[in-house]
Amino acid sequence: MDSALSDPHNGSAEAGGTANGTTRPPSTPEGIALAYGSLLLMALLPIFFGALRSVRCARGKNASDMPETITSRDAARFPIIASCTLLGLYLFFKVYFPNKSYTGSVLKTWKTQKSKKGKTAIIQNPTTRDNHRFPLEIFSQEYINLLLSMYFFVLGILALSHTISPFMNKFFPANFPNRQYQLLFTQGSGENKEEIINYEFDAKDLVCLGLSSIVGVWYLLRKHWIANNLFGLAFSLNGVELLHLNNVSTGCILLGGLFIYDVFWVFGTNVMVTVAKSFEAPIKLVFPQDLLEKGLEADNFAMLGLGDIVIPGIFIALLLRFDISLKKNTHTYFYTSFAAYIFGLGLTIFIMHIFKHAQPALLYLVPACIGFPVLVALAKGEVTEMFSYEESNPKDAAAVTEGSKEGTEASASKGLEKKEK
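Cut-offs and rules
- Residues numbered from 1 in each chain as written.
- Predicted model: local features only at pLDDT ≥ 70, side-chain atom pairs only at ≥ 80, totals over all residues.
- Heavy atoms only, no water.
- Axes fitted to C-alpha atoms, helices over the stretch in contact; angles between N-to-C directions.
- Helix = DSSP H or I, 4+ residues; strand = E, 2+ residues; numbered from the N terminus.
- Left-handed = near helix turned anticlockwise from the far one by under 90°.
- Contact = heavy atoms within 4.5 Å.
- Nonpolar A, V, L, I, M, F, W, Y, C, P; charged D, E, K, R; others polar.
- Core = buried A, V, L, I, M, F, W, Y, C linked by side-chain atoms within 4.5 Å.
- Buried < 20%, exposed > 50% of the residue type's maximum accessible area, 1.4 Å probe, protein only.
- Polar contact = N/O pair within 3.5 Å; in protein donor to acceptor, adjacent residues only side chain to side chain.
- UniProt positions renumbered as here; feature names shortened; annotations may be inferred.
- Phe/Tyr/Trp six-rings, centres within 6.5 Å; stacked < 30°, edge-to-face > 60°.
- Lys NZ or Arg CZ within 6 Å of the ring centre and 35° of its normal.
- Pairing = 2+ DSSP bridges.

Identification of the protein as Minor histocompatibility antigen H13 isoform X3 from Vulpes vulpes is taken from an unreviewed UniProt entry.

Set out below in C-alpha cells:
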C-alpha cells in the first residue's frame, strides 16, 4: 500500500539527483506550485464525489453496487496485512528477483597437492562456467511489471467504467435501446447453491466500458501520467464509495493503525519510497513539476499515494452519512472533516517542501481528520451520538430480507395447501 507524498525526481529535493546519468535541473517555483496544487485538487475530487455516492450506495439495492463494510476486527488487521504486502513487494523487486543475468558463475573445487618438502596442502581451485543463467531470470522486474500492468489494465477499465457511468447516462438519448444483462456465477445446486458473482449491467454500461478501454490501452502502451491519473482517480473514488466503516470507533482504529504504519515505513526505512518508485502501477497520483517547460512529455513528477486519499476518504464519507442520520439538514461534520483533510494535506506539502524529504501524509492527515470533527462534536455536545452511530452491513440486511421473503412465501404456500385439503 503506497501512502507517501514525495517528489522523488525533483532535483531541488534530492541533492545530486540524476536522470539517465545527468543531473536534473531544479524545478521552477511555478512548476512546483502547479504540481502540488494539482495533487491537492485531484485528492479532493474522489473524496467529495465518492462520499456523496457512498450515501446512494448505502441506500441502493443493486447487488453489483453493494458496499463492503469494514469492521473493527478488519481495521485492526489491516495495517499488519498492508505491512506484510509492502515488505513483500520490496523484497520481490530488490532481493529475490534481481534484474540481471547470473553469467560466468564461479565453481569452487578443492584439491590436495604435495609440496616439494613433502607436506600435503589443500588448495582452492576456482573455475568459471560460462553461460550459466539464474533459473528464475524469467521473473525479472520487467516481466513482473508487465504482469502487473495487465492486471491493473483490467481493474482500471472496470473502475473507470463504474466511475463515469452516472455522468455518461446524461448524454444518452431517451430512445437509446438500453437492454439489461446479468452476469451470474453460482456454486453448488439446490439448497446449497451459493452466489459467487452476481453483477447486473446494461447497454449503457457496455458503452462506458468501451470508452474506458481506450484509456486502458493508452496506459498499457504508453504508461502516460494522464492515463495513470485517470485510473488512480477511478480507484480512489470507487474505494471511497464502496468501502464503508461500520462506526466512528472503527474509523479511529483504522486511521490510528495506518498512522503508525505510514510513519514507520517512511521515516524508519526506505521501503515505501523504494516500492513507490519501482512499482509501475496506477497506485499513486502523479503530476509533473516541469509541465510548464516540457508540456505533456514532462517527466519530473511529484506523487501522492492512493492510500492518502482512500483511507481518510472513507472516514469522511462515514461522517457525511452520520450527518444525514441526524436529520438536521446540515453537513457539519462532513465539511469539517473535508476542511481538515485540506489542512492536513497542505501541511504535508509544506513540510515536505521545507525539509526536502518524502513525508508520510497520514502523519498529518489522521490527527486533523479525527481531531477536528471530535472538537466540533464536543462543542455541540454530540460526542455520544457520534460514537454510538452504527451502520449495518447491507449484504447482511439483504440476506435477512431475502430470507424473510422466502419464509413468507413458504408459509403462504403451506396455508394454501391446508385450504386445499
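A. Here's a closer look at the packing of helix 1 (residues 29-59) against helix 5 (residues 225-242). Where helix 1 contacts helix 5, the axes come no closer than 7 Å and their chain directions differ by 35 degrees. The two elements helix 1 and helix 5 cross, and the hand of that crossing is right-handed. On helix 5, the residues touching Met 42, Pro 46, Ile 47, Phe 49, Gly 50, Ala 51, Arg 53, Ser 54 and Cys 57 of helix 1 are Asn 229, Leu 233, Ser 236, Leu 237, Val 240, Glu 241 and Leu 242. Grouping the amino acids of the contact of helix 1 with helix 5 by side-chain chemistry returns 10 nonpolar, 4 polar and 2 charged.

B. Main features of the nonpolar core. One finds Phe 279, Ile 309 and Tyr 341 to be the most contacted residues of the largest nonpolar core, which totals 83 residues. Per element, the largest residue contribution to this core is 11 residues, and it comes from helix 9 (residues 307-326). With residues near it in sequence (within four places) discarded, Tyr 341 still touches Ala 43, Leu 44, Ile 47, Asp 308, Ile 309, Pro 312, Ile 316, Leu 365 and Cys 369.

C. Looking closely at the environment of Gly 307. Note that Gly 307 resides in helix 9. Gly 307 sits in the buried class, given a relative accessible area of 8%. Once the C-alpha coordinates of Gly 307 and Ile 283 are considered, the two residues, 24 residues apart in sequence, prove to be 8.3 Å apart.

D. Local environment of the side chain of Ser 337. Among the secondary structure elements, Ser 337 is positioned in helix 10 (residues 332-355). There is a polar contact of 2.9 Å between the side chain of Ser 337 and the backbone oxygen of Tyr 333.

E. Summary view of the UniProt feature "transmembrane region" (unreviewed entry) in the protein. The sites that UniProt annotates as "transmembrane region" (unreviewed entry) are residues 33-55, 76-97, 143-161, 252-276, 301-320, 332-355 and 361-379. Helix makes up 92% of residues 252-276 and strand 0%, and the two end C-alpha atoms of the span are 26 Å apart. Regarding residues 301-320, the helix share stands at 70% and the strand share at 25%, and the terminal C-alpha atoms are separated by 33 Å.

F. Local environment of the packing of aromatic side chains. The full count for this structure, using the stated rule, is 18 aromatic pairs. Note on Tyr 151 and Phe 152: the rings are 5.3 Å apart at their centroids and 80 degrees apart in plane angle, and the pair reads as edge-to-face. Since its relative accessible area comes to 11%, Phe 152 is described here as buried. Here the aromatic rings of Phe 322 and Tyr 333 are separated by 5.3 Å at their centres, their planes lie at 55 degrees, and the arrangement is tilted. Placement of the pair is Phe 322 in helix 9 and Tyr 333 in helix 10, with a sequence separation of 11 residues. Taken together, Phe 48, Phe 49, Phe 334, Tyr 335 and Phe 338 form an aromatic cluster joined through their ring pairs. Above the plane of the ring of Tyr 219 lies Lys 223, whose end atom (NZ or CZ) is 5.2 Å from the centre.

G. Looking closely at the pairing of strand 11 (residues 301-305). The element strand 11 is largely enclosed, with a buried count of 5 among its 5 residues. Because side chains alternate across strand 11, one face comprises the buried residues Phe 301, Met 303 and Gly 305, and the other comprises Ala 302 and Leu 304, equally buried. The pairing of strand 10 (residues 284-288) with strand 11 spans 5 bridges and is antiparallel. Within strand 11, the residue paired with Leu 285 across the bridge is Leu 304.

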